[in-house]
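Inside the fold
One letter stands for each residue in the lines below.
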Amino acid sequence: MTDERFDDQPRLVFWELTKACPLACVHCRAVAQSAPLPGELTTREGMKLIDELAVGPTPHPILVLTGGDCLTRPDIVELATHAKHRAVSVAIAPSVSARLADPLLAQLREQGVSHVSLSLDGATATTHEEIRQVPGHFRATLDAIGRLREAGFRVQINTAVMKHNVRELADIAVLLHGAGVRVWEVFFLVNVGRGDKIDDIDPAEAEDVCNFQPCNNGSKGETYNGHQLCYVDGQEGI
Ligand SMILES: C[S@@+](CC[C@H](N)C(=O)[O-])C[C@H]1O[C@@H](n2cnc3c(N)ncnc32)[C@H](O)[C@@H]1O
Ligand code: SF4
């Protein structure tokens with residue numbers, strides 16, 4: 001066992017820069033809104049926070065800038081630049097919107113930001129957009145994955161599992177593999193914020209999700225990374 005002291009020096013620090021977001025997803029735990037909250041950290045306060053991460057031994061914690069939509073902050077490049085000068089690695093978790101534009105991405109890439117996570121909540125436009133509430137958002141998300149990869153970012157995709165998409169996990173995996181995504185984080189919906197009105201998935205579905213994994217029993221179903229996929233209902237695949 002390694003003697004890592006995460007209380008003294010965490011590996012990852014998530015800073016929710018703002019509550020502002022141009023989307024209004026049905027499940028949003030943050031209850032994100034169009035305008036920032038009064039009292040969000042100023043640029044100077046944010047820089048001080050970064051300075052605090054930069055004391056102590058290297059490697060310093062990785063700072064994940066999230067929200068809301070971190071790209072609504074006009075100082076995001078300034079903050080990334082400050083972090084670069086302090087040898088603090090930065091990753092971003094933006095919302096997919098018009099703000100996720102190539103010139104801004106190029107500026108962030110120049111400041112050393114190399115990892116980006118986006119959300120994909122369904123294998124079809126219907127499911128994803130029922131959750132994200134923006135027509136065309138499924139296509140925009142797939143396009144954003146391609147643009148980010150072309151710009152040299154490592155892309156992680158996050159999927160919150162809920163009633164709407166619990167039966168689409170295998171298809172999402174295939175889709176992401178085809179799009180060149182190699183890191184996929186899947187987590188359960190937490191019934192807080194706007195998500196408190198969404199019905200829980202059934203216990204059996206939850207168990208299937210926990211057991212969901214690529215398998216190679218050579219039976220029917222889609223293949224992923226050379227493996228046969230288990231479908232979450234256990235009927236269409238293995
Ligand atoms: C709060 S968002 C911030 C980044 C960005 N706005 C986005 O949606 O990708 C981070 C992740 O939390 C997920 N999320 C939001 N509300 C949630 C909830 N109630 N339970 C579980 N995950 C949730 C989102 O789907 C997203 O993948
Ligand atoms: S994009 Fe993220 S922060 Fe914005 S409403 Fe959706 S889940 Fe909330």
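Before reading on, note that the structure itself is shown above.
These notes cover the structure that comes with them.

Remarks on the site of ligand 1
Taken together, 19 residues lie near ligand 1, and Arg29, Ser119, Asn158, Ala160 and Gly195 sit nearest. Its residues assigned to classes, the shell around ligand 1 comprises 9 nonpolar, 8 polar and 2 charged.

Thoughts on the site of ligand 2
In the neighbourhood of ligand 2, the contacting residues comprise Cys21, Leu23, Ala24, Cys25, Cys28, Ala30, Ala32, Gly67, Gly68, Asp69 and Ser95. Of the residues contributing to the shell around ligand 2, the split by class is 7 nonpolar, 3 polar and 1 charged.

Things to note about helix H2 (residues 76-85)
Quick reminder: α-helices carry 3.6 residues per turn. Residues three or four places apart thus point the same way. Ile76, Leu79, Ala80, His82 and Ala83 are the residues of H2 that are buried. For H2, the angular spread of buried residues about the axis comes to 160 degrees, placing them on one side. The inward-facing, buried residues of H2 contact helix H1 (43-53), strand S2 (62-66), strand S3 (90-92) and helix H3 (102-110).

Some points on the sheet that holds S3
The 6 strands lie next to each other as S1-S2-S3-S4-S5-S6, forming an open sheet whose pairing is parallel. One side of each edge strand has no neighbouring strand; the edge strands of this open sheet are strand S1 (12-16) and strand S6 (183-188). Sheet twist, expressed as the average angle between the axes of neighbouring strands with direction ignored, equals 25 degrees. Alignment of strand S4 (residues 115-119) against strand S5 (residues 154-161), held across 5 bridges, turns out to be parallel. Considered in S5, the bridge of His115 is made with Arg154. In the packing of helix H5 (residues 137-150) onto the sheet, the strands contacted are S4 and S5, and the crossing angle to S4 comes to about 175 degrees.

Section: the packing of H1 against H2
Close contact between H1 and H2 brings their axes to 10 Å; oriented N to C, the two are set at 25 degrees. Between H1 and H2, the angle falls in the class roughly parallel. Of the two elements, H1 crosses H2, and the hand of that crossing is right-handed. Of the residues in H2, those touching H1 at Thr43, Gly46, Met47 and Ile50 are Glu78, Leu79, His82 and Ala83.

Rules and cut-offs
- Residues numbered from 1 in each chain as written.
- Chains lettered and ligands numbered in written order.
- Predicted model: local features only at pLDDT ≥ 70, side-chain atom pairs only at ≥ 80, totals over all residues.
- Near = placed C-beta within 6 Å.
- Nonpolar A, V, L, I, M, F, W, Y, C, P; charged D, E, K, R; others polar.
- Buried ≥ 20, exposed ≤ 12 C-beta atoms within 10 Å, placed from the backbone.
- Helix = DSSP H or I, 4+ residues; strand = E, 2+ residues; numbered from the N terminus.
- Arc of directions from axis to C-beta.
- Contact = placed C-beta atoms within 7 Å.
- Pairing = 2+ DSSP bridges.
- Axes fitted to C-alpha atoms, helices over the stretch in contact; angles between N-to-C directions.
- Parallel < 35°, antiparallel > 145°, perpendicular 65-115°, else oblique.
- Left-handed = near helix turned anticlockwise from the far one by under 90°.

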